[in-house]
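Spelled out, the chains give:
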Amino acid sequence: MWLSAFFPYVLTTSLFSLLCSALALAFSAIGAAETVTVDSQNLATDNVSVIEGETATISCRVKNNDDSVIQLLNPNRQTIYFRDVRPLKDSRFQLVNFSDNELRVSLSNVSLSDEGRYVCQLYTDPPQEAYADITVLVPPGSPVIESREDVVSEGNETELTCIAIGSKPAASIRWMKGEEELTGEMTVEEMYDRMFTVTSRVRFSVTKEDDGLPVDCIIDHPAVKDLLAERHLEVLYKPEVKIVVTYPEGLTREGDNLDLTCIAEGKPHPHQINWLRVDEDVPPHAVVTGSDLYIENLNKSYNGTYRCVASNTVGEAYDDYILYVYDSRAGGAPQKIDHAVIGGVVAVVMFAILCALIVLGRYFARHKGTYFTHEAKGADDAADADTAIINAEGGHNNTDEKKEYYI
């Protein structure tokens, strides 16, 4: 039954195509007879890429048309449109525009079976053809990330797999761990009807800083944007340990009490915290309460290294506190030096020295020229040098003071 219905349709379409061709040739002959000089006619079209299920548009464009007939054929060379008439009984083809310079047709709800080469024909002498290739793009399905293990311990290697199923063309896969791009190994498998499945695997070692970090599998494909899958890492790591001195705040002296707190964080949370004294026993009256160590009435025999050890299923870690007990008479922190007072004293001393220098300078300047040697004193009233020396040695200022006495 279906054959009897199909053959008349095919025959009818084929006969219509032949009839269209004959009419086109007749129109071309008439146009050639009426036209003396005609500029060169150019027929052009464009390739089309369309996503499956969407609408493709084919445009047959003519430059300097002389009323030649334009028609559009499918990949089987069946006439879709002859001028503005649609002989092909496929309602998905619709006329968008028809003029002397263009025949534009839309094809809705595109499927993979519509892919192929479409022909624009212009009946000139000789006839011209232009080809529009329709490429149907099929986006992949939502990607899926699979992990070799759900939880991984720090220092170990983990493996993640991302799968993008059923795309055309084959998709490309990239990996991002936080802000860091990772390099994966990609394999492509061809499926039915030119469809592809892409698989990518990535391996890397983890640290405790990776705990909670997102790992993204990003799909690159011309038919889709911003397609990705995300997985957050869960990393187990050994504890991080720190000892905090709760009391005292300053030096530890004989007779004081000591209170230490052990802070331990890890994943999973530490299930055991122990206090010990390296190479020696903990003082007998020391009290351990959970993560706290309390020792009262310290003395120098308690000096040593005290260690807090925390452990979980991944491993253990510790922190040390070195205790040194000072003499009870040991002073606290040295008193702060008042630099302002010291600066003031220095300034006063310097000022006093400066004043003394000024006074001495003025004194010497005032008495300059009043000092004489003995030779200078004797030369005031002497007639010559010898007389000056005799006068100076005798302590006489002038000859007028000499007196003679007669007995």
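Above this text is the structure in question.
One structure accompanies this document, and this report is about it. (Residues numbered from 1 in each chain as written. Predicted model: local features only at pLDDT ≥ 70, side-chain atom pairs only at ≥ 80, totals over all residues. Heavy atoms only, no water.)

Another aspect to go through is the sheet that holds strand 11 (residues 152–153). If you walk across this open sheet you meet the five strands as 11-19-20-23-22, and the pairing is mixed. Where the open sheet ends on each side, the last strands, each with one partner, are strand 11 and strand 22 (287–289). Where strand 20 (residues 258–267) and strand 23 (residues 292–295) come together, four bridges link them in antiparallel fashion. In the sheet register, D259 faces strand 23, and the bridge partner there is Y294. (Pairing = 2+ DSSP bridges. Helix = DSSP H or I, 4+ residues; strand = E, 2+ residues; numbered from the N terminus.)

If you look at the biggest cluster of nonpolar residues, it comprises 27 residues, and the most contacted ones within it are L72, I80, F93, L103, Y118 and I134. Of all the elements in the fold, those that place two or more residues in this core are strand 2 (48–51), strand 3 (56–63), strand 4 (70–73), strand 5 (79–82), strand 7 (102–107), strand 8 (116–122) and strand 9 (128–137). Listed in part, the 20 residues of the second largest apolar core include A171, V202, V215 and L227. (Core = buried A, V, L, I, M, F, W, Y, C linked by side-chain atoms within 4.5 Å. Buried < 20%, exposed > 50% of the residue type's maximum accessible area, 1.4 Å probe, protein only.)

Let us now look at empty space enclosed by the protein. Under the defined criterion, the tally for this structure stands at one cavity of 30 Å³ or more. The space that makes up the largest cavity amounts to roughly 50 Å³. Where the lining of the largest cavity is concerned, the elements lending two or more residues are strand 12 (157–167) and strand 18 (224–232). The class makeup of the residues in the lining of the largest cavity is four nonpolar, three polar and four charged. (1 Å grid on protein atoms, 1.4 Å probe; cavity = no way out; pocket = protein on both sides within 12 Å on 5 of 7 lines; lining within 4 Å. Points joined across faces, edges and corners; volume = space filled by probe spheres on them. Nonpolar A, V, L, I, M, F, W, Y, C, P; charged D, E, K, R; others polar.)

Our next topic: the state of the cysteines. Per the counting criterion, the structure on display carries three disulfides. Between the sulfur atoms of C60 and its disulfide mate C120 the distance is 1.9 Å. Between C60 and C120, the S-S torsion sits near -70°, and that sign places the bridge as left-handed. Of this pair, C60 sits in strand 3 while C120 sits in strand 8; the two residues are 60 residues apart in sequence, bridging distant segments of the chain. (Disulfide = S-S within 2.5 Å.)

Here we come to the packing of aromatic side chains. Taken as a whole and assessed by the stated rule, the structure comprises one aromatic pair. The aromatic ring of Y131 is capped on one face by R117, whose charged end is 5.1 Å from the ring centroid. Above the ring of Y318, the side-chain terminus of R307 is found at 4.0 Å from the ring centroid. (Phe/Tyr/Trp six-rings, centres within 6.5 Å; stacked < 30°, edge-to-face > 60°. Lys NZ or Arg CZ within 6 Å of the ring centre and 35° of its normal.)

Tallying each qualifying case throughout the model produces 20 salt bridges. E149 is the partner of R148 in a salt bridge, and the nearest nitrogen-oxygen pair spans 3.4 Å. Each of D90, R92 and D114 takes part in one network of salt bridges that share partners. (Salt bridge = Lys/Arg side-chain N within 4 Å of Asp/Glu carboxyl O.)

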